[in-house]
Amino acid sequence: MITRRKMWQLMSSLPLIAAVARRAAAQPATASVPSPSGGPGMEMLTIFLRHDQAKTLDEINNHLKSTGWYKNFPPEGVEVLSWYVMMGIGQVVTLKFPAEKLRDINALVEREAWGGYRTEFYPTYDYRALYKQEQSENP
């Protein structure tokens, strides 16, 4: 049963509810920037392949040849977005792939790169489009 007091409380809140609804309708929907990783289910990963400084470059390359690294990396369905040499560190590879390929990437690195490189993995996303949006909105 609704009492007079509850009825007045409800009626007195109607202008506030209407104002909030008008404000929400007046604001344009913010379109999110499309994901540079390629959409739902796609991931990006940066791998640091740190040189084992106890080995010469020839020793590292021979290890990688013997394990099949050059032939098998990246696994099928995985795209290399960038691959840089960072002097004093080693190589930095950024990959784009369907989420279900993560295990394949990890297993391949463990089987074939270890012994030539020490590895570090970092989940990654491309911030460039978002940064440009921030720059234009904050001159």
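Our structure's up above, just so we're on the same page.
Nothing here was measured: the structure is a model prediction, and the numbers come from that model. Residue positions are given per chain, counting from 1 as you read along its sequence in written order. Confidence filtering applies because this is a predicted model: local features only for residues at pLDDT of at least 70, side-chain atom pairs given and counted only at 80 or more, and all residues used for totals across whole chains, interfaces and linings. Derived side-chain values reflect all non-hydrogen atoms in the structure, with water molecules and hydrogen atoms excluded from consideration.

### Considerations on the sheet that holds strand β1 (residues 42–51)
Point 1. Spatially, β2-β3-β1-β4 is the arrangement adopted by the four strands of the open sheet, whose pairing is antiparallel. Only two strands of the sheet have a single partner each, and these edge strands are β2 (79–86) and β4 (117–123). Between one strand axis and the next, the sheet turns through 20° on average, direction left out of account.
Point 2. Pairing geometry for β1 and strand β3 (residues 90–98), over nine bridges, is antiparallel. In the strand pairing of β3, Phe48 is matched with Val92. When DSSP finds two or more bridges between a pair of strands, those strands are recorded as paired. For the purposes of this entry, the term helix denotes a DSSP run of H or I that reaches at least four residues, the term strand denotes a run of E that reaches at least two, and both are numbered from the N terminus. Between N-to-C directions, angles span 0 to 180 degrees; the directions come from axes that are lines fitted to C-alpha atoms, helices contributing only their stretch in contact.

### Let's talk about helix α4 (residues 102–113)
Point 1. Multiplying 1.5 Å by the residue count of a helix minus one yields the expected span of that helix. The end-to-end C-alpha distance of α4 is 16 Å, a good match for the 16 Å that twelve residues give at a rise of 1.5 Å each.
Point 2. Buried residues of α4: Ile105, Leu108, Val109, Glu112 and Ala113, and no others. Taken around the axis of α4, the buried residues stretch over an arc of 100°, which confines them to a single face. Residues of α4 that are exposed and point more than 90 degrees away from the buried face comprise Arg103 and Arg111.
Point 3. Buried residues along α4 sit in contact with β1, α2 (57–67), α3 (69–72), β3 and β4.
Point 4. Following α4 by one or two positions, Gly115 has its phi on the positive side, about 105°. Exposed residues in this analysis have more than 50% of their type's maximum accessible area, buried residues have under 20%, and partly exposed residues fall in between, with area computed by a 1.4 Å probe over protein chains only. Directions pointing from the helix axis toward each C-beta atom define the arc. Contact definition: two residues touch when any of their heavy atoms are within 4.5 Å.

### A few points about the pairing of β3
Point 1. Of all the nine residues making up β3, nine are buried; the element is thus mostly covered by neighbouring parts of the structure.
Point 2. Sheet analysis places β2 next to β3, joined by seven bridges and oriented antiparallel. Its bridge partner being in β3, Trp83 is matched across the sheet by Val93.
Point 3. In textbook terms, the turn of a hairpin is the stretch between consecutive antiparallel strands, and for β2 and β3 this stretch comprises three residues, one of which, Gly88, has a positive phi near 90°.

### Topic: the environment of Pro98
Point 1. Here Pro98 shows up in strand β3.
Point 2. A sequence separation of 19 residues divides Pro98 from Glu79, and the C-alpha atoms of the two residues are 9.7 Å apart.
Point 3. When residues no more than four places from it in sequence are discounted, the contact partners of Pro98 are Gly41, Met42 and Gly77.

### Observations concerning the packing of aromatic side chains
Aromatic rings in a pair are described by how distant their centres are and how their planes are angled relative to each other.
Point 1. Each aromatic pair joins two rings of Phe, Tyr and Trp (for Trp, the six-membered one) with centres within 6.5 Å, and gets the label stacked for planes under 30 degrees apart, edge-to-face for over 60, and tilted for any other angle. Applying the stated criterion across every chain yields a total of four aromatic pairs.
Point 2. Residues Phe48 and Tyr122 carry aromatic rings whose centres are separated by 5.4 Å and whose planes lie at 65° to one another, so their mutual orientation is edge-to-face. Placement of Phe48 in strand β1 and of Tyr122 in strand β4 is noted, with a sequence separation of 74 residues between them.
Point 3. For Tyr122, a relative accessible area of 38% translates into the label partly exposed.
Point 4. Measuring from centroid to centroid gives 4.2 Å for Trp69 and Phe73, while their planes differ by 15°, and the two rings are stacked. This pair shows no difference in class: Trp69 is buried, exactly as Phe73 is.
Point 5. Following the ring pairs from residue to residue traces out a cluster consisting of Trp69, Phe73 and Trp83.

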